[in-house]
Each structure stands twice: as C-alpha cells, then as structure tokens.
Amino acid sequence: MEKLWGKIKESIMSVAPIAGIVAVLQLTIVPMPWGTIMLFWAGALVLILGMGLFSLGADVAMMPMGELIGSHLTKTNKLWILLPICFLLGAMITAAEPDLQVLAEQVPSVPNYILIASVAAGVGFFLAMSFLRILYQIPLNLLFIVFYILIFVMTAFTSETYLAVAFDSGGVTTGPITVPFILALGVGLSSVLGGKSSHDDSFGLVALCSIGPIIAIMIMGLFFNSSSIHYGSEVFTDISDLRELIWVLANGFHVFGKHVLIALCPIVAFFIIFQLTVLKLSKPQLIKIAVGMIYTFAGLVMFLAGANVAFIPVGKFIGETVGSFPGNWILIPLGTLMGFFVVAAEPAVHILNNQVWEMTAGAISKKAMMASLSIGVALSIGIAMARILFHVNIWYVLLPGYALALTLTFFAPKVFTAIAFDSGGVASGPMTATFLLAFAMGACNAVGGDLLTDAFGVVAMVAMTPLITIQVLGVIYKLKLKETEEEEEEALDMDLEEEEEYIELESEDLETEAAVTKEAAYHGETLEELLEKDNYYIDLEF
C-alpha cells in the first residue's frame, strides 16, 4: 500500500497543474456548463487513481516481463528464430493497442483490418531491425537520418490527408501498453548483446518502432482513396445529474475495459509460452507478476476512461470558446502553458524517466528529463496554435525541426540521442491524443480551419520538439562534463606539482640534517647540543 500511495501522490502532482489551469479558466474567461465541469473533476479523480495503479503495475509486472523475455531471446544465436519472434511480438502488441482501434475507425476509406495490419507490420519490422542494430552495433543516428530522409522523400508521393494518418499512426507505438514493454525489452536485449554500450543500446527501440507505421501508412496510401478520411468522435459535453455522471463513467470503463483486455492478452500469452518453455519462474515470482498485471489492467482502464470521457469535452470546449474571442491570439500562450504541464500526466513519460534515471545511475536526473520534455511540448503546442491561427503548412515547421534534430545527433552524446527520439514518441501519448488534440480541434473549429491539416499537426509536433530539447540538454551536459574534466585535470596537475615541491623540500631538509649530524659527530657533540648553539638553527618542521 505504501508503494501504491507513493504512485498516487506522484499522479496527483502530475495532474494537479492542468486541473488548476482548467479551474482558473472556469472561474475567469471560460465558464463551462455544470455537467461538463463535474464530469471533468470526476474524470480527473479516476485518471489519478488509474495512473497510480498503472505505474505500480508497470514496475511490478510489465517491465520485469519485458526484461526477462529480452534477455532470454538472446541466448540463441539463430537469427532465423529471433527475428520472426521480434516481428510477431511487435506486431501483436501494436495490433492490440487501444489507440490503434480509434485510429482505424477514423479512416473509413480503408478497412480496419488492413490499416491495423499495416501499422502492426511496420512496428514488427522495425522491432526486428532494432534487434539487429543492437547485435551489430549500428549507429542509431545513422538509421534515423536514413529513414527520416526516406520519409520526407515519400511525402512527395503521398496524399496530404494520408500524411496526417501516417504521423498519427507513429504515435500508436507509444501507447501505454507498448512503451513499458518495448523499453524493458530493449534493456533485456542490450544487457546481453550490447557489451560496453549496453547503457546506450537500451534506448532507441521506441523511436525506431515509431518510424515503421509512418512508412507503412504512406505505402498503404498509394492504394486507397483518401477522400473519406475524417477525424473526430462524439463526446459527452454535458450531463444533468449524478446518475448520468455515473453512467457515463461506467460506460467508459466498459468500452476501454474491452480494449485493454484485448491489448494485454497477447503479452500475457507470449509470457506464458516463455514461462513454460524457458523461464521456469518460481511460484512467488509468478504471483507477483500476476498481481502486477491486475494493477496494470485496472489502472489503464481507469486512466483511459478518465482521459477520453472527461478530458476531451473540456479540451474541446476551452479551444472553441477561446478561439471565438476577438483576441484569439491568447490561444498561443494558453496552449504553451497547458503543453508545459500536460506532459507530466502522461503515464509512459514517468516510466521512461525512471528507466533513464536507473540506466544512467542518476547522471540524467528525472527533473532534467521532465523539464526538457515540458519545454519541448510547450513549444510544440504554442507553435501548433500559431499554425491554426495563421494557417501555416505543417511542413514549414516539421522539415526544419527534423533537420535540426538530425543535425544534433552528431553533437549530442549517443545515449541522449536515443532517449530524445524515444521521448518524442512517449510525449505524444493518450493525454496529447485526448485533451490537447481536442483543444486544438476546438480552436480550429472556432477559427474556421481544416481539422485534418491544421488541428492534427499538434500530435506530429509534440512528437518532434522533445527530439530537439533533450539533445540540447545532452550537448549542455557534454560541455559541462568536458569543463569538469578540465578542472579536475588542472587540480590534479596542481596537486602533483605541490607534491613534487614537498618531496624536494623534504629531501633538502634530510640532507641538511645529515650534514649537521656529521659535523656534530666530528666535534664530539650530540645533534641536540650542536643545535642549541647560536650559530646553528634548523626548522625541522618545515
């Protein structure tokens, strides 16, 4: 219970800022209907409890399962076995991701099973490629440069509407199911294969897996009509009494309970197969993992229900209201402020921060990571609001942004590059896809923009800006480390010089003492008697 309470306190600290912003807006410039605001507070409470349970479940079950599977996969040298297993593992987990089901419903021109299969195949392929990267020590920044150049070349042949779907699908791999498992899988793989670089190789899997869906959807878009793609879903905007409030939340539990159950089944099935054939864990270990999976299931259902049922209506209402103001430029600072705080409510962000802190032995602190992510997301939401107001094409932002991010890979330490690209995907999680996207959609409706090309860009930009801010943090860290090493070298040189001077003086004192002793012996006196004479004085303490 103590650990659970600790996780819940962390959740309260994460959600409190965004809840405070909503409360201030409710009391000042954006008064909301009673039912909507009550739904928000009830959803916030459910979200906090769910976030705490999920974080504890990830620590107890998801992360150990991933590490165990990853470390045991490497005990065979047969690539023809390992690569298909990695592919199937990545594809199964992604196909069951709840966010992917929502994405598929928004693209009616493509059968759901084709879109889901395309995204899942993309993730599976790149998870297998991540294994090969660790095995053959291929530089991560080289892969990023090659594949992102390929993506931007493919945009010339892809419909503008499918570009939105493609970058949105890249965020699917960063859902609350895939992130902890793939991160842990990377730790397990790199601990055996990575050697001296296992510290760096444990990161980067999420980033590479995010590339697969983008390329897969772009290829799929060549064969399907894009005219019927649309975004948006019906949400509850008001309730009239407590009974309806309970019914709305209960319906959310029911809907997302099914999604999460489907999502967790492939992971549990895969683990059971490994347990029966390879792991052979003891009964207490299995009970601990089983309890952790129950925490994970309950927490994720509560989190998704709270985020989707309560936060979407409020986000959309605030966006529409503020966007209709004569001075709607306030969307930019308001979006920046909300972006700064909302990233702290992403459950996968805390999992990544904890792993970064553990794998770097505290060299990269949780505060530094969270500050970099918050600044990155704040900038992305501010720029996204400016895009909506001024109808700026997203490529004028993404192209220079990714060019800067890829350039920084040559200057930032390798581990920071891997963490940065992982963070870009993790930051665009459920809270971004619900609250911030709903806020952008509401603002876009108010100013008469195109939902698909303007509002959607918020997800792509949230995924991009942390690539820059965390690598900048890495460059600063590298410079400070170099400065510290130089100071230590200077201090060491000074210590050596002082030690040499001390040895030289001590040697001179010994020679002087020997000479005086010899002279005293010559005169038939003791050393003490000779020293008492006025014409002899030696400070032997010098």
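Just so it is clear, the structure is predicted and the values come from calculations on it, not from any experiment.

**Looking at the overall build of the protein**
Next, step 1: The helix and strand inventory of the protein stands at 21 helices and zero strands.
Next, step 2: Sequence-distant contacts in the protein: of pairs separated by 6 or more residues, those separated by 24 or more amount to 85%.

**Quick notes on the nonpolar core**
Next, step 1: Ile 318 and Phe 435 are the most contacted members of the largest nonpolar core, which totals 171 residues.
Next, step 2: At 20 residues, helix α2 (residues 34–73) tops the list of elements feeding residues into this core.
Next, step 3: Ignoring any residue separated from it by four or fewer positions in sequence, one finds Phe 435 in contact with Ile 18, Val 22, Phe 311, Val 314, Gly 315, Met 338 and Val 342.

**Section: the packing of aromatic side chains**
Next, step 1: A complete count under the given rule lists 13 aromatic pairs for this structure.
Next, step 2: Each ring, one from Phe 40 and one from Trp 41, has its centre 5.4 Å from the other, and the planes form 75°; the classification is edge-to-face.
Next, step 3: Through successive ring pairs, a cluster of aromatic residues spans Phe 144, Tyr 148, Phe 152, Trp 395, Tyr 402 and Phe 421.
Next, step 4: Between the NZ or CZ atom of Lys 366 and the centre of the ring of Trp 357, over which it lies, the distance is 5.2 Å.

**Digging into the side chain of Lys 7**
Next, step 1: Its place among the elements puts Lys 7 in helix α1 (residues 2–27).
Next, step 2: Relative accessible area serves as the criterion here: at 13%, Lys 7 is assigned to the buried category.

**Topic: the side chain of Thr 155**
Next, step 1: Position of Thr 155 among the secondary structure elements: in the loop between α6 (140–154) and α7 (160–170).
Next, step 2: Residue Thr 155 is classed as buried on the basis of its relative accessible area of 17%.
Next, step 3: Among all residues touching Thr 155, those that are not within four sequence positions of it are Leu 163, Met 218 and Trp 395.

**A short note on the packing of helix α11 (residues 242–279) against helix α12 (residues 283–323)**
Next, step 1: Interaxial distance between α11 and α12 falls to 8 Å at its minimum, and their mutual angle equals 150°. Seen from above, α11 lies across α12 with right-handed handedness. Touching Val 248, Leu 249, Gly 252, Phe 253, Phe 256, Gly 257, Val 260, Leu 261, Leu 264, Val 268, Phe 271 and Gln 275 of α11 are Leu 286, Ile 289, Met 293, Thr 296, Phe 297, Leu 300, Val 301, Met 302, Leu 304, Ala 305, Asn 308 and Val 309, all from α12.
Next, step 2: Tallied by class, the residues present in the contact of α11 with α12 amount to 19 nonpolar, five polar and no charged.

**Examining the confidence of the model for the protein**
Next, step 1: For the protein, the mean per-residue pLDDT works out to 82, and 85% of the residues sit at or above 70.
Next, step 2: The least confident element of the protein, judged by mean pLDDT, is helix α21 (residues 527–532) at 55; the most confident is helix α13 (residues 331–342) at 93.

**Focus: the pattern of salt bridges**
Next, step 1: Tallied over the entire structure, the rule returns two salt bridges.
Next, step 2: A salt bridge links Lys 7 to Asp 59, with the shortest nitrogen-to-oxygen separation between them at 2.6 Å. Of this pair, Lys 7 sits in helix α1 while Asp 59 sits in helix α2; the two residues are 52 residues apart in sequence, bridging distant segments of the chain.
Next, step 3: Using a relative accessible area of 36% as the deciding quantity, one classes Asp 59 as partly exposed.
Next, step 4: For Asp 454, the salt bridge is made with Arg 387, and the minimal N-O distance between the two is 4.0 Å.

**Observations regarding the state of the cysteines**
Next, step 1: Per the stated rule, a full pass over the model turns up zero disulfides.
Next, step 2: Cysteine Cys 86 shares no disulfide, and the gap to the nearest cysteine sulfur, in Cys 209, comes to 9.5 Å.
Next, step 3: Judged by relative accessible area, which is 1%, Cys 86 ranks as buried.

**Remarks on empty space enclosed by the protein**
Next, step 1: On inspection of all chains with the given rule, the structure shows three cavities of 30 Å³ or more.
Next, step 2: Here the largest cavity defines a volume of roughly 170 Å³.
Next, step 3: Taken together, 16 residues make up the lining of the largest cavity; nearest its centre are Tyr 148, Ser 210, Tyr 402, Gly 425 and Ala 463.
Next, step 4: Among the secondary structure elements, those contributing two or more residues to the lining of the largest cavity are α7, α10 (205–221), α17 (414–427) and α20 (457–522).
Next, step 5: Across the lining of the largest cavity, the residue classes tally to ten nonpolar, six polar and no charged.
Next, step 6: The volume enclosed by the second largest cavity comes to roughly 70 Å³.

**Observations regarding helix α3 (residues 79–95)**
Next, step 1: Across its 17 residues, α3 extends 24 Å between first and last C-alpha, which sits within 8% of the 24 Å expected from 1.5 Å per residue.
Next, step 2: Residues of α3 that are buried include every one of Leu 82, Cys 86, Leu 89, Gly 90, Ala 91, Ile 93 and Thr 94, and no others.

**Remarks on helix α5 (residues 112–136)**
Next, step 1: Between the first and last C-alpha of α5 there are 36 Å, a value that for 25 residues agrees with the 36 Å anticipated at 1.5 Å per step.
Next, step 2: Just past α5, the residue Gln 137 takes up positive phi, approximately 55°.

**Structural notes on the environment of Ala 104**
Next, step 1: Here Ala 104 lies in helix α4 (residues 98–105).
Next, step 2: On the basis of relative accessibility, which here comes to 2%, the residue Ala 104 falls in the buried class.
Next, step 3: Spatially, the C-alpha atom of Ala 104 lies 9.5 Å from that of Val 165, the residues being 61 residues apart in sequence.
Next, step 4: Residues in contact with Ala 104, not counting those within four places in the same chain, are Asn 112, Leu 115 and Ile 116.

**What about unusual backbone geometry?**
Next, step 1: Positive phi, normally seen in glycine, also occurs at Gln 137, with a value near 55°.
Next, step 2: Note that Gln 137 resides in the loop between α5 and α6.
Next, step 3: Of note, the phi angle at Lys 280 is positive, near 55°, even though the residue is not glycine.
Next, step 4: Relative to the assigned elements, Lys 280 resides in the loop between α11 and α12.

**Considering a nonpolar patch on the surface**
Next, step 1: Nonpolar side chains collect at one region of the surface, where Ile 149, Val 153, Phe 157, Ile 219, Leu 222 and Phe 223 lie side by side and expose about 660 Å² of accessible area between them.
Next, step 2: Its place among the elements puts Ile 219 in helix α10.

**So, the environment of Val 268**
Next, step 1: By secondary structure assignment, the location of Val 268 is in helix α11.
Next, step 2: Of the residues examined, Val 268 reaches a relative accessible area of 32% and is grouped as partly exposed.
Next, step 3: Spatially, the C-alpha atoms of Val 268 and Met 293 are 8.7 Å apart, while their sequence positions differ by 25 residues.

What counts and how
Every chain is numbered on its own, with residues counted from 1 as its sequence reads. Restriction of local features to residues with pLDDT of at least 70 applies here, the model being predicted, together with a cutoff of 80 or more for giving and counting side-chain atom pairs; totals for whole chains, interfaces and linings are based on all residues. Remark: hydrogens and water are excluded; side-chain values derive from all non-hydrogen atoms of the structure. Put simply, DSSP H or I for four residues or longer makes a helix, DSSP E for two residues or longer makes a strand, and each gets a number counted from the N terminus. Whether two residues touch is decided by their heavy atoms; if any such pair falls within 4.5 Å, the residues are in contact. Nonpolar cores are built from buried Ala, Val, Leu, Ile, Met, Phe, Trp, Tyr and Cys residues. Side-chain atoms within 4.5 Å join them into one set. Whether a residue is buried, partly exposed or exposed follows from its accessible area with a 1.4 Å probe, protein chains only, as a fraction of its type maximum: under 20%, in between, or over 50%, in that order. Here is the rule: rings of Phe, Tyr and Trp (six-membered ring for Trp) pair when centre to centre is within 6.5 Å. Planes less than 30 degrees apart are stacked, more than 60 are edge-to-face, and the remainder are tilted. Each ring is checked for a lysine NZ or an arginine CZ that lies within 6 Å of its centre and within 35 degrees of its normal; such an atom marks a charge sitting over the ring. Note on method: axes are straight lines fitted to C-alpha atoms, helices fitted across the in-contact stretch only, with angles between N-to-C directions ranging 0 to 180 degrees. Should the near helix be turned counterclockwise from the far one by less than a right angle, the crossing is left-handed, whereas a clockwise turn marks it as right-handed. For this classification, the nonpolar set comprises Ala, Val, Leu, Ile, Met, Phe, Trp, Tyr, Cys and Pro, the charged set comprises Asp, Glu, Lys and Arg, and every other residue, Gly included, is treated as polar. The predictor attaches a confidence to each residue, and that confidence, scored 0 to 100, is pLDDT. For salt bridges, the criterion is a side-chain nitrogen of Lys or Arg within 4 Å of an Asp or Glu carboxyl oxygen. To count as a disulfide, a pair of cysteine sulfur atoms needs to be within 2.5 Å. The pocket and cavity definitions rest on a 1 Å grid over protein atoms only: a 1.4 Å probe that fits but cannot leave marks a cavity, an open set with protein on both sides within 12 Å along at least five of seven lines marks a pocket, and residues lining either have an atom within 4 Å of a point. Grid points are joined across faces, edges and corners, and a volume is the space filled by probe spheres set on the points. Multiplying one less than the number of residues by 1.5 Å gives the expected span of a helix. A residue counts toward a patch only above 30% relative accessible area and without a salt bridge, and it is joined to like-charged neighbours within 9 Å or, for Val, Leu, Ile, Met, Phe, Trp and Tyr, to nonpolar neighbours within 5 Å. The Shrake-Rupley method, run with a 1.4 Å probe sphere, supplies the accessible areas, and residue values consider only the shown protein chains as cover.

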